[in-house]
Amino acid sequence: MFNRIICGDCIPEMNNLPAESARLIVADPPYYNVLTKEDWDTSWPSEQEYLTWTLQWMSAAMRVLMPGGLLYCFGQLGKREHVMLHLMSQSTSNWQFHDLIIWDRAVGYSNRYDSFTPAYEMILVLRKDGDVRFNKDAVREPYKQSTIAQYVKDKRYKNPDARLQHLQKGKYATNLWRIPSLKGASKQKVGHPSQKPLALIERIVLSSSEAGDLVIDPFLGSGTTAVVAEKLNRQWLGIEALPAYVTMARDRIQKETNRQTHEPPRSRKPRLSSSR
Ligand SMILES: C[S@@+](CC[C@H](N)C(=O)[O-])C[C@H]1O[C@@H](n2cnc3c(N)ncnc32)[C@H](O)[C@@H]1O
């Protein structure tokens, strides 16, 4: 039942899954009129319709999430649309806010001349009521050797060996993440216009799920979440509306993890907007 890709619309497909089965949902939905050449990002007649659809897929996602499970949702303000702000306001009126991560993409991504250049995306984290199991140790960040050398000299610590051991574990990650977005020449790139870096998804999966847990990505795209989940021994399920991306993800998963996902894409055309 798991470790496979479903080609279809994520709302009915998630409605078919058992309730409270997933520990983690990693959702990188269409942004709404940011990737203007992509039908899948521009198919809502209005902001309001996009927001209504967002609340629908989030409801479906929250149903399959276990108590204490986390839902990560990507979004950006890149253009003049304020949709992400409305999305955050409306979704946190319905569900429990858990965190807001700023993903610093390291390089600006929009040619706006009347403001600062946008360089970050946001990752809204919602939680389903219950105890969250969060593994902060799994995503510690190493100190530089020069920092360690300086810190162990601190005379306030009586036991330098214990201090060294502590420093070598690294520091806790904050909710400000500087992870460069993928450039055209990146070796990771497989041809999806919104492919996310593996390191970004790794941090989410490592901190917010354990081996054997089910991780669902309702907007699988090129398969980044599946590759990470497979490598980290999680169970996973990816849903993607466009057959061409299903094929792209399947090839990538096989190449990067050896996992075969044989199921052929369904022949019916996925509904992208009229049903929303
Ligand atoms: C922002 S991209 C995800 C990229 C992905 N995180 C990656 O690293 O490759 C959003 C994806 O959602 C897909 N999509 C759009 N509407 C969908 C729907 N209703 N159900 C499932 N997938 C959908 C699009 O085809 C697109 O591939």
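Scoring rules and cut-offs
- Residues numbered from 1 in each chain as written.
- Predicted model: local features only at pLDDT ≥ 70, side-chain atom pairs only at ≥ 80, totals over all residues.
- Helix = DSSP H or I, 4+ residues; strand = E, 2+ residues; numbered from the N terminus.
- Rg over C-alpha atoms; globule rule 2.2 N^0.38 Å.
- Buried ≥ 20, exposed ≤ 12 C-beta atoms within 10 Å, placed from the backbone.
- Contact = placed C-beta atoms within 7 Å.
- Expected span 1.5 Å × (residues − 1).
- Arc of directions from axis to C-beta.
- Axes fitted to C-alpha atoms, helices over the stretch in contact; angles between N-to-C directions.
- Parallel < 35°, antiparallel > 145°, perpendicular 65-115°, else oblique.
- Left-handed = near helix turned anticlockwise from the far one by under 90°.
- Nonpolar A, V, L, I, M, F, W, Y, C, P; charged D, E, K, R; others polar.
- Domains from an automatic or database assignment.
- Near = placed C-beta within 6 Å.
- Pairing = 2+ DSSP bridges.
- Core = buried A, V, L, I, M, F, W, Y, C linked by C-beta atoms within 7 Å.

K.L.:
Give a detailed account of the overall build of the protein chain, specifying residues and quantitative values.
P.N.:
On a plain count of helices and strands, the protein chain comes out with 8 helices and 8 strands. For the protein chain, whose C-alpha radius of gyration is 20 Å, the value lies close to the compact-globule estimate of 19 Å for 276 residues. When the backbone C-alpha atoms are referred to their principal axes, the protein chain occupies close to 70 × 50 × 40 Å. Within the protein chain, the fraction of its 276 residues that count as buried is 35%. In the protein chain, 72% of the contacts between residues at least 6 apart in sequence involve partners at least 24 apart.

K.L.:
Give me the lowdown on helix H7 (residues 224-231), citing residues and values where you can.
P.N.:
The buried count for H7 comes to 7 of 8 residues, which makes it a mostly enclosed element. Within H7, the full set of buried residues consists of Thr224, Thr225, Ala226, Val227, Val228, Ala229 and Glu230. The inward-facing, buried residues of H7 abut strand E2 (22-27), helix H6 (198-208), strand E7 (214-217), strand E8 (235-240) and helix H8 (243-257). Following H7 by one or two positions, Asn233 adopts a phi angle in the positive range, close to 60°.

K.L.:
Explain helix H2 (residues 47-64) to me, and be specific about the residues and the numbers.
P.N.:
Here H2 contains 18 residues, and its C-alpha end-to-end distance of 26 Å stays within 8% of the 26 Å for a straight helix at 1.5 Å per residue. Of all the positions in H2, only Tyr50, Thr54, Trp57, Met58, Ala61, Met62 and Val64 are classed as buried. Buried residues in H2, looked at end-on, bunch into an arc of 145°, giving them a common side.

K.L.:
Got a sec to walk through the packing of H6 against H7? Specific residues and values, please.
P.N.:
It is at 9 Å that the axes of H6 and H7 come closest, and there the two elements cross at 55°. With respect to H7, the element H6 is oriented oblique. H7 is crossed by H6, and the crossing has right-handed handedness. Each of Leu198, Ile201, Glu202 and Val205 in H6 lies in contact with H7, whose residues at this interface are Thr224, Thr225, Val227, Val228 and Ala229. Residue composition of the contact of H6 with H7, by class: 6 nonpolar, 2 polar and 1 charged.

K.L.:
Hey, could you go over the domain arrangement of the protein chain for me, with residue numbers and the actual values?
P.N.:
Each assigned domain of the protein chain is listed with its residue range as follows: domain 1 (4-136 + 174-257) and domain 2 (139-172). Using only C-alpha atoms to locate each centre, domain 1 and domain 2 end up separated by 35 Å.

K.L.:
I'd like to hear about the site of the ligand, residue by residue, with values.
P.N.:
Close to the ligand lie 20 residues; Asp28, Phe219, Gly221, Ser222 and Thr224 are nearest. Split into classes, the residues belonging to the shell around the ligand amount to 10 nonpolar, 6 polar and 4 charged.

K.L.:
Could you give an account of the sheet that holds strand E1 (residues 4-7), naming the residues involved and the relevant values?
P.N.:
Spatially, E1-E8-E7-E2-E3-E5-E4-E6 is the arrangement adopted by the 8 strands of the open sheet, whose pairing is mixed. Each having just a single partner strand, E1 and strand E6 (176-178) make up the two edges of the open sheet. Strand-to-strand, the axes of this sheet are offset by a mean angle of 20°, without reference to chain direction. Alignment of strand E4 (residues 96-104) against strand E5 (residues 120-127), held across 8 bridges, turns out to be antiparallel. Looking at E5, one finds that Ile102 is bridged to Met122. Contacts between H8 and the sheet are confined to E1 and E8, with E1 contributing the most and set at about 170° to the helix.

K.L.:
Quick rundown of the nonpolar core? Include the residues and the values.
P.N.:
With 50 residues, the main nonpolar core has Ile25, Ala61, Leu71, Tyr72 and Val215 as its most contacted residues. In terms of residue count, strand E3 (residues 65-75) provides more of this core than any other element does, 6 residues in total. What Val215 contacts, discounting residues up to four positions off in sequence, is Ala22, Arg23, Leu24, Val26, Val205, Ser209, Thr225, Ala229, Arg234 and Trp236. Judged by nonpolar contacts, the second largest core, of 8 residues, contains Tyr32, Val34, Trp44 and Met84.

K.L.:
Outline the environment of Phe116, listing residues and values.
P.N.:
The residue Phe116 is located in the loop between E4 and E5 in this model. Overall, Phe116 belongs to the exposed group, with 7 C-beta atoms counted inside 10 Å.

K.L.:
Break down the pairing of E5 for me, with residues and values.
P.N.:
Bridge analysis of E3 against E5 gives 6 bridges, and the strand direction is antiparallel. Bridge assignment links Phe74 to a residue of E5, and that residue is Ile123.

K.L.:
Can you break down unusual backbone geometry residue by residue, with the values?
P.N.:
At Glu20, a residue that is not glycine, the phi angle is positive and equals roughly 55°. Structurally, Glu20 is set in the loop between helix H1 (10-15) and E2. Unlike most non-glycine residues, Asn233 shows phi in positive territory, near 60°. With respect to the element layout, Asn233 can be found in the loop between H7 and E8.

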